[in-house]
Amino acid sequence: IALFIQSTRVATHGVLALLFGNLIALLLGFDKGLARSGLFGYNSFLVGLALATLDSSEKHQGYRVSTIIATIVTASFTSILFVMLGKLLVPYKSPPLTLPFNLA
C-alpha cells in the first residue's frame, strides 16, 4: 500500500513484474513450492520496481510501452535465471536468493 501511495506507476510495474515472473515460472513447470514461497515473484517484483524507478519520470509522468515491455521481459528472465543459478549453486549448498535481481 505504501508503494501505491508513493508512486502508483512504480507500484504498478512491480505488481506487473510479480505476476509475469510467477506466470512464467508456472508455465515452464518450475517448482510450485518455490512459487508459493514467493521466490520467483520477489526477484521479479524488485526488477519491476527498479525499471519503473529508473525510468525518466521527469519527462514522462505516465506509463511508457517500452518500460512495460522491459518489465515483462526482464521479470520473465529473472524467473528463469533463478532456476539456472539454483542448479549452478547446488554443489556449493548456496541458494540464489536475490542474485537474479542483481544480475538482471
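Up top is the structure.
Residues numbered from 1 in each chain as written. Predicted model: local features only at pLDDT ≥ 70, side-chain atom pairs only at ≥ 80, totals over all residues. Heavy atoms only, no water.

Digging into the overall build of the protein chain
- Helix and strand counts for the protein chain come out as 6 helices and 0 strands.
- Reading the protein chain from its N terminus to its C terminus gives the helix and strand order α-α-α-α-α-α.
- Against the 2.2 N^0.38 benchmark of 13 Å for 104 residues, the protein chain shows a C-alpha radius of gyration of 14 Å, consistent with a compact globule.
- Taken along the three principal axes of its C-alpha coordinates, the protein chain extends 45 × 25 × 20 Å. (Helix = DSSP H or I, 4+ residues; strand = E, 2+ residues; numbered from the N terminus. Rg over C-alpha atoms; globule rule 2.2 N^0.38 Å.)

What to know about a nonpolar patch on the surface
- On the surface, a cluster of nonpolar side chains totalling about 260 Å² of accessible area is made up of F4, V15 and L19.
- Along the chain, L19 falls in helix α2 (residues 8-27).
- Among the residues examined, L19 registers a relative accessible area of 54% and is labelled exposed. (Patch = residues over 30% accessible without salt bridge, like charges linked within 9 Å, V, L, I, M, F, W, Y side chains within 5 Å. Areas by Shrake-Rupley, 256 points an atom, 1.4 Å probe, with all protein chains shown as cover. Salt bridge = Lys/Arg side-chain N within 4 Å of Asp/Glu carboxyl O. Buried < 20%, exposed > 50% of the residue type's maximum accessible area, 1.4 Å probe, protein only.)

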